[in-house]
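Per-entry structural report
Chain by chain, the residues:
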Amino acid sequence: MEKNALFEAFPVLAERVPHTPFAQLPTPIEAMETLGERYGLAGLYVKRDDLSAQAYGGNKVRKLEFLLADARKKGKKTVMTFGAAGSNHALATALYARQLGLRCVNMLVPQPNAYGVRKNLLLSHRAGAELHYGANIPALVMQSLGRALRISVEERSFPYIIPAGGSSPHGLLGYVAAGFELARQIEEGRMPVPDLVYVAWGTMGTAIGLSLGIEAAGLPSRVMAVRVTDPLLTSERGARRLFGRTNRLLTQSCPAFPRLAFPRERFTLRHEFFGEEYARFTEEGLAAMDCAREECGLRLEGTYTGKTFAALLHDAAQGALAGKQILFWNTCNSRDFSEEIAGLDYKKLPTPFHRYFERDVQPGDTPQP
Ligand SMILES: *Cc1c(COP(=O)(O)O)cnc(C)c1O
């Protein structure tokens, strides 16, 4: 395994920023030649963050390397995090917290039903996470506060709070590092400098961290962030703040790290592929998933990567990407867990989650491997 690309670029950070290596980095970059040629692209590539770790891949592991190490450094015994019922982030936190002997409390809100929701709930439960269901966000906030206070009495310390999606400055460092990793791979000749990088925009962390990393590494690439979450939860203003806070964490830990302005001209937020609501699949998204599977052998999902790939295919079909170098950043786990969940009984989960097993999944969903 190579050294984390951020620490390689700024060795001082390795001494000052807590970090636990869980991921298998760098993740591969692969060419999708047939599809690229069909639309007249100069090149079409995929960054395989679906292969980021043996235990559970996808984008959350890069963030958790920094978040859970920070929790440990602060002497915490418990981490508390938030998400929708089928949150990949909540599952990843459960799995990696367990590896470090940290207790994990997941506070979850409702979402449209899907096979992936069932899978993530079962796996989170099996990983020993404490699962709580809140009927809506205000209710969940109150429950979380109550739960956190009880834990702080038991453990004499407030739990380490990880925001939804792991999108705090410490979490974003994982994607700042990914930007440096991309720069290193370009230098090694794995792909030309991309004109555009397509990436999902959920809780903003992946796209903003990556954008910061790309800027700091001196790449001229533009980030195309495809929004898949409710506009009430994410905004360009919030994004600029998160960018600034993460940049400050870096410059405070390492004065040589560049001070950067939010790259407005190299950052585009796309709203047209969201559909009706978070985790509600769209026709374009489902079609993009079929295309990715058939043409490139990629296994995407309908909440994030299907919608993001749909944006790329749409732009390509419009001719907007002709002659350009394009990188699709694949943020979902692709490891098959069907054997692990086969023998698990959903009735062992807290009762409010049984609905995801007793009601139908949404139209267009197919069993996830
Ligand atoms: C969480 C997630 C994202 C979004 O990442 P953010 O950092 O929250 O924007 C994208 N893809 C998948 C598969 C995810 O689980």
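See the structure printed just above.
Remember, it's a predicted structure, so these values are computed and weren't measured experimentally.

Quick notes on the rules
- Residues numbered from 1 in each chain as written.
- Predicted model: local features only at pLDDT ≥ 70, side-chain atom pairs only at ≥ 80, totals over all residues.
- Heavy atoms only, no water.
- Helix = DSSP H or I, 4+ residues; strand = E, 2+ residues; numbered from the N terminus.
- Rg over C-alpha atoms; globule rule 2.2 N^0.38 Å.
- Buried < 20%, exposed > 50% of the residue type's maximum accessible area, 1.4 Å probe, protein only.
- Contact = heavy atoms within 4.5 Å.
- Areas by Shrake-Rupley, 256 points an atom, 1.4 Å probe, with all protein chains shown as cover.
- Lys, Arg positive; Asp, Glu negative; His and termini not counted.
- Charge placed at Lys NZ, Arg CZ, Asp CG, Glu CD.
- Patch = residues over 30% accessible without salt bridge, like charges linked within 9 Å, V, L, I, M, F, W, Y side chains within 5 Å.
- Salt bridge = Lys/Arg side-chain N within 4 Å of Asp/Glu carboxyl O.
- Pairing = 2+ DSSP bridges.
- Axes fitted to C-alpha atoms, helices over the stretch in contact; angles between N-to-C directions.

**Considering the overall build of the protein**
- Of the regular secondary structure elements, the protein holds 14 helices and 10 strands.
- Expected size for 369 residues packed as a compact globule is a radius of gyration near 21 Å; at 20 Å, the protein falls within 12% of this value.
- Structurally, the protein occupies a C-alpha span of about 60 × 50 × 35 Å along its principal axes.
- A buried classification covers 60% of the 369 residues belonging to the protein.
- Contacts in the protein between residues at least 24 apart in sequence constitute 80% of all its contacts with a sequence separation of at least 6.
- Accessible area for the protein stands at about 15,300 Å²; split by element, carbon and sulfur atoms hold 50% of it.
- Charge centroids of the protein, computed over 44 positive and 38 negative side chains, lie 9 Å from each other.

**A closer look at a positive patch on the surface**
- Together, Arg237, Arg240, Arg241, Arg245, Arg248 and Arg264 give the surface a local cluster of positive charge.
- By the secondary structure assignment, Arg245 is in helix α10 (residues 236-253).
- The exposure class of Arg245 is partly exposed, given its relative accessible area of 37%.

**Section: the sheet that holds strand β4 (residues 103-109)**
- Judged by pairing direction, the sheet is parallel, and its four strands sit side by side in the order β5-β4-β3-β6 without closing on themselves. Only two strands of the sheet have a single neighbouring strand rather than two, namely β5 (130-133) and β6 (160-162). On average, each strand axis in the sheet is inclined to that of its neighbour by 20°, with strand direction left out of account.
- Examined bridge by bridge, β4 and β5 share four bridges and lie parallel to one another. Following the sheet pairing, Val105 is matched in β5 by Glu130.

**Some words on unusual backbone geometry**
- In this structure, Pro26 follows Leu25 across a cis peptide bond, with omega equal to 0°.
- You can see Pro26 is positioned in the loop between α2 (11-16) and β1 (29-31).
- Within the chain, Arg156 stands out as a residue other than glycine whose phi angle is a positive 55°.
- Mapped onto the elements, Arg156 comes out in the loop between α7 (137-155) and β6.
- With relative accessibility at 78%, the residue Arg156 sits in the exposed group.

**Considerations on the pattern of salt bridges**
- Counted under the stated rule, the structure contains 21 salt bridges.
- The salt bridge partner of Arg103 is Glu155, with a shortest N-O separation of 2.9 Å. Residue Arg103 is located in strand β4, and its partner Glu155 is located in helix α7; the two are separated by 52 residues in the primary sequence.
- Arg266 is the salt-bridge partner of Glu215, the closest N and O atoms lying 2.6 Å from each other. Of this pair, Glu215 sits in helix α9 (residues 205-216) while Arg266 sits in the loop between α10 and β9 (267-270), placing them 51 residues apart in sequence.
- With relative accessibility at 26%, the residue Arg266 sits in the partly exposed group.
- A cluster of three or more residues bridged by salt bridges with shared partners is formed by Arg103, Glu130, Arg147, Glu154 and Glu155.

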